[in-house]
Amino acid sequence: MINITVIVEDARLRQLSAELEHRLENVLDVASHGVERRAKDIVIQKDIIDTGATLGSIQPEPAGRLARRIGPSTVYAIFLELGTHRMAARPFMIPALEEERGSLIAAVKDVLNG
């Protein structure tokens, strides 16, 4: 009979978990700033700017553990993004998120595999 003993050190697991979380937080920071830059580029390219308030309000911020919220924070930004019955949509956040999705997924995979 073969006996195998596995010893799991709780302190080491906590350390590894903290390191992994830190690396993933860094990935989210990079990705959220990428979305911010791309969304601002789209706003400028599509000439969505009126006062510049929406452009200036596109900012990433922490939204909890391993979560980010990326503006805009103007009240009317949702109408620009999705349109209304009187105005066609001029999306900038959804396309920016879609463009950055692949990079984010690849970076998360790298962290998890590394």
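Scope of this entry: the structure provided in the associated data block.

### Thoughts on unusual backbone geometry
Here comes step 1: A cis geometry characterises the amide bond from Gly71 onward to Pro72, with omega recorded as 5°.
Here comes step 2: Locating Pro72 in the fold gives a position in the loop between strand S2 (68-70) and helix H3 (77-82).
Here comes step 3: Phi is positive for Asp47, close to 55°, though the residue is something other than glycine.
Here comes step 4: Relative to the helices and strands, Asp47 resides in the loop between helix H1 (10-45) and helix H2 (53-57).
Here comes step 5: Positive phi, close to 55°, is recorded for Leu66, a residue that is not glycine.
Here comes step 6: Take Leu66: it is sitting in the loop between strand S1 (60-62) and S2.
Here comes step 7: Given the relative accessible area of 38%, Leu66 is considered partly exposed.

### Topic: a nonpolar patch on the surface
Here comes step 1: On the surface, a cluster of nonpolar side chains totalling about 660 Å² of accessible area is made up of Ile2, Ile4, Val6, Val8, Leu13 and Leu16.
Here comes step 2: Relative to the helices and strands, Leu16 resides in helix H1.

### Re the pattern of salt bridges
Here the idea is simple: oppositely charged side chains can pair when their charged atoms come close.
Here comes step 1: Taken as a whole and assessed by the stated rule, the structure comprises eight salt bridges.
Here comes step 2: With a shortest N-O distance of 2.5 Å, Glu99 and Arg38 are connected by a salt bridge. Taken together, the positions of Glu99 in helix H4 (residues 93-113) and Arg38 in helix H1 put the pair 61 residues apart, joining distant regions of the chain.
Here comes step 3: Through salt bridges with shared partners, a single network forms among Glu25, Asp29 and Arg68.

### So, H4
It helps to recall that an α-helix has 3.6 residues per turn; residues three or four apart then point in one direction.
Here comes step 1: For H4, which comprises 21 residues, the first-to-last C-alpha distance of 29 Å matches the rise-based estimate of 30 Å (1.5 Å per residue) to within 8%.
Here comes step 2: Within H4, the full set of buried residues consists of Met93, Ala96 and Val111.
Here comes step 3: Structurally, H4 contributes buried residues whose contacts are with H1, S2 and H3.

### Regarding the nonpolar core
Here comes step 1: Formed by Val35, Ala39, Ile42, Val43, Ile48, Ile58, Ile70, Ala77, Leu80, Phe92, Met93 and Ala96, the largest nonpolar core amounts to twelve residues.
Here comes step 2: Breaking this core down by element, the ones donating at least two residues are H1, H3 and H4.
Here comes step 3: Considering each element in turn, this core owes the most residues, four residues, to H1.
Here comes step 4: If we skip the residues at most four places from it in the chain, Val35 touches Ile70, Met93, Ala96, Leu97 and Glu100.

### So, the side chain of Glu25
Here comes step 1: Examined against the element boundaries, Glu25 turns out to sit in helix H1.
Here comes step 2: Among the residues examined, Glu25 registers a relative accessible area of 17% and is labelled buried.
Here comes step 3: Sequence-distant contacts of Glu25, that is, excluding residues within four places in its chain, are made with Gly64, Arg65, Leu66 and Arg68.

### A look at the packing of H1 against H4
Here comes step 1: Direction vectors running N to C along H1 and H4 enclose 160°, while the axes themselves pass 9 Å from each other. What the angle tells us is that H1 and H4 run roughly antiparallel. Crossing handedness for the pair H1 and H4: right-handed. On H4, the residues touching Leu20, Arg23, Leu24, Val27, Leu28, Ala31, Gly34, Val35, Arg38, Ala39 and Ile42 of H1 are Met93, Pro95, Ala96, Leu97, Glu99, Glu100, Leu104, Ala107, Val108, Asp110, Val111 and Leu112.
Here comes step 2: Residue classes in the contact of H1 with H4 are distributed as 17 nonpolar, one polar and five charged.

Conventions used here
The numbers attached to residues start from 1 for each chain and follow its sequence in the written order. Local features in this predicted model are restricted to residues of pLDDT 70 or higher, and side-chain atom pairs are both shown and tallied only at a pLDDT of 80 or more, whereas totals for entire chains, interfaces and linings draw on every residue. Water and hydrogen atoms play no part in the side-chain values, which are based on all heavy atoms of the structure. Strands are runs of DSSP state E lasting at least 2 residues, helices are runs of H or I lasting at least 4, and numbering of each runs from the N terminus. Between buried and exposed lies partly exposed: a residue is buried under 20% and exposed over 50% of the maximum accessible area for its type, with that area taken using a 1.4 Å probe on protein chains only. Exposure above 30% relative accessible area and no salt bridge define the residues that can form patches, which grow by joining like charges within 9 Å and nonpolar side chains of Val, Leu, Ile, Met, Phe, Trp and Tyr within 5 Å. Using the Shrake-Rupley algorithm and a 1.4 Å probe, accessible areas are obtained, with residue cover drawn only from the displayed protein chains. When a carboxyl oxygen of Asp or Glu is within 4 Å of a side-chain nitrogen of Lys or Arg, the pair counts as a salt bridge. Expected helix span is taken as 1.5 Å per residue step, with the number of steps being one fewer than the number of residues. Should any heavy atoms of two residues lie within 4.5 Å, those residues are counted as being in contact. Residue types Ala, Val, Leu, Ile, Met, Phe, Trp, Tyr and Cys, when buried and joined through side-chain atoms within 4.5 Å, form a set referred to as a nonpolar core. Axes here mean lines fitted to C-alpha atoms, for a helix over just the part in contact, with angles spanning 0 to 180 degrees between N-to-C directions. Orientation categories follow fixed angle ranges, with anything under 35 degrees roughly parallel, anything over 145 roughly antiparallel, 65 to 115 roughly perpendicular, and all other angles oblique. By definition, turning the near helix anticlockwise from the far helix through less than a right angle yields a left-handed crossing, and turning it clockwise yields a right-handed one. Here the nonpolar group is Ala, Val, Leu, Ile, Met, Phe, Trp, Tyr, Cys and Pro; Asp, Glu, Lys and Arg are the charged ones; every other residue, Gly included, is treated as polar.

Nothing here speaks to function; it is geometry throughout.
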